[in-house]
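One letter stands for each residue in the lines below.
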Amino acid sequence: MIDTIAVTVLVPGFRVVAPKMFGPRRDFPDGGWQRFQNSSPRDRAWNVRRPSLTWSSGGPGWRQERLRIECSLPKIYFGNNLEEFSNADAPDLLDRIRDEIEAMGVEVDVADLWEAKVSLLHVGKNVVLDPGESCSQMIRALTGLPQNPKWDVVRSDLRNGGEVYKLHTNTREIIFYDKLADVHRAGKSPKRAIDPASGRLAIPANMGPGSGTQVIRMEARYNTRETVKRALDRAGLSIPDPRFREMFCVDVAMKLLFRELGLFDHPPGGPGSGASDPLDRLDGYLKDGMSLSSALKAIGLQAVEAGGGPPALLRVLRDNNIQYPAWYRLKGVRRGVSTLGSGREAVVVLLDAVLNYQPLRLGSGQIVPQLPAVPAGPVPSPSP
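Being a predicted model, the structure only gives us computed values, none of them experimental.

A look at the side chain of His122
With respect to the secondary-structure elements, His122 resides in strand S8 (residues 117–128). Here His122 falls in the buried class, since its relative accessible area comes to 11%. Only 2.8 Å separates the side chain of His122 from the side chain of Asn223, close enough to count as a polar contact. Each residue touching His122, except ones within four places of it in the same chain, is listed here: Ile2, Asp3, Thr4, Glu219, Ala220, Arg221, Tyr222 and Asn223.

What about the pattern of salt bridges?
Working definition: two side chains of opposite charge can pair if their charged atoms are close together. Inspection of the entire model under this criterion finds 21 salt bridges. Linking Glu100 and Arg50 is a salt bridge whose minimum nitrogen-to-oxygen distance equals 2.6 Å. Separated by 50 residues along the polypeptide, Glu100 in helix H3 (residues 90–102) and Arg50 in the loop between helix H1 (41–45) and strand S5 (52–57) bring together distant segments of the chain. With respect to class, Glu100 is no different from Arg50; both count as buried. Here Asp241 and Arg225 are joined by a salt bridge, their closest N and O atoms 2.2 Å apart. Residue Asp241 is found in the loop between helix H7 (225–234) and helix H8 (244–247), and its partner Arg225 is found in helix H7; the two are separated by 16 residues along the sequence. On the accessibility criterion, Asp241 (27% relative accessible area) is partly exposed. The network of salt bridges with shared partners includes Asp3, Lys166, Glu173, Arg217, Glu219 and Arg221.

The rules behind the values
Residues numbered from 1 in each chain as written. Predicted model: local features only at pLDDT ≥ 70, side-chain atom pairs only at ≥ 80, totals over all residues. Heavy atoms only, no water. Helix = DSSP H or I, 4+ residues; strand = E, 2+ residues; numbered from the N terminus. Buried < 20%, exposed > 50% of the residue type's maximum accessible area, 1.4 Å probe, protein only. Polar contact = N/O pair within 3.5 Å; in protein donor to acceptor, adjacent residues only side chain to side chain. Contact = heavy atoms within 4.5 Å. Salt bridge = Lys/Arg side-chain N within 4 Å of Asp/Glu carboxyl O.

Shown next as structure tokens:
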């Protein structure tokens, strides 16, 4: 779903009631000016994520004052960006954004905020992997896939010991990374994290270190208004003038991610498109550079474990007096391919999460910063 967004509200949709909360004025030769306000060090220390505000006037093509608002929506609403939105969250989210902005000395009209033009958009999906699958295996499988030559020139970047795979062109970025490992890394060394601000996110115990839970994040980033427009057009969405109300939509976000998965050459048509067929699986393994012997072992192992998983296989080996060295050799085969098998099957896992979107929600144990109570205002209903 949507993560980070930047929108612009024009007067009279906002009113600055505490201008002293903004930084010093920056003047431009054409008569325009800008003032900025971001989260304070105290806010960041307490994990209170406020929007970044740019209050400005003048400049090429502009005559009236405007307020640019950029923020990570799930961090403001949930206190983290592991959890994800549904379309029904829009009214409460708008209330929360208005409250945050009012705490920064600006009154904003919610209806104008909902209709504001979008100039930056990041969409993503956190995918909880099945047992036997890991983020490192997913990323390793994806890096072995060729990229579609019809796309712009793509540069790839493998970081942090293989926990991050970043593809970027001159217009956009698509990133796959181990979300939980990145949260832990941000807590120790923010500069090495993909999401430096996530270091203080509260993670439930059942998703903490040693839990075995694996969450891979796929994220697409469009950092200019024109890039957002082009991405929507590529996804077959007729939205020539993207507004907040149009971008806060599961269907839009998932279509953008689905289109970005087309970056990989010959992706499967969707879940169940034949990737489970042994011949297709063998073809995928061989194309990924696996030897014939290893590929056949992997297919056989997966077929045997389909009946009861690794514990059932271990029980059969014990009953037949097969020694542990054989078990560990099989573990080596599983480690190389897991249940993913090939890069194409890694794409299938991501496609399944995109095509069958279910918002990830944590248990009641997470910590969400509570804001001071403020008077409520009218909230427009989201567009269908």
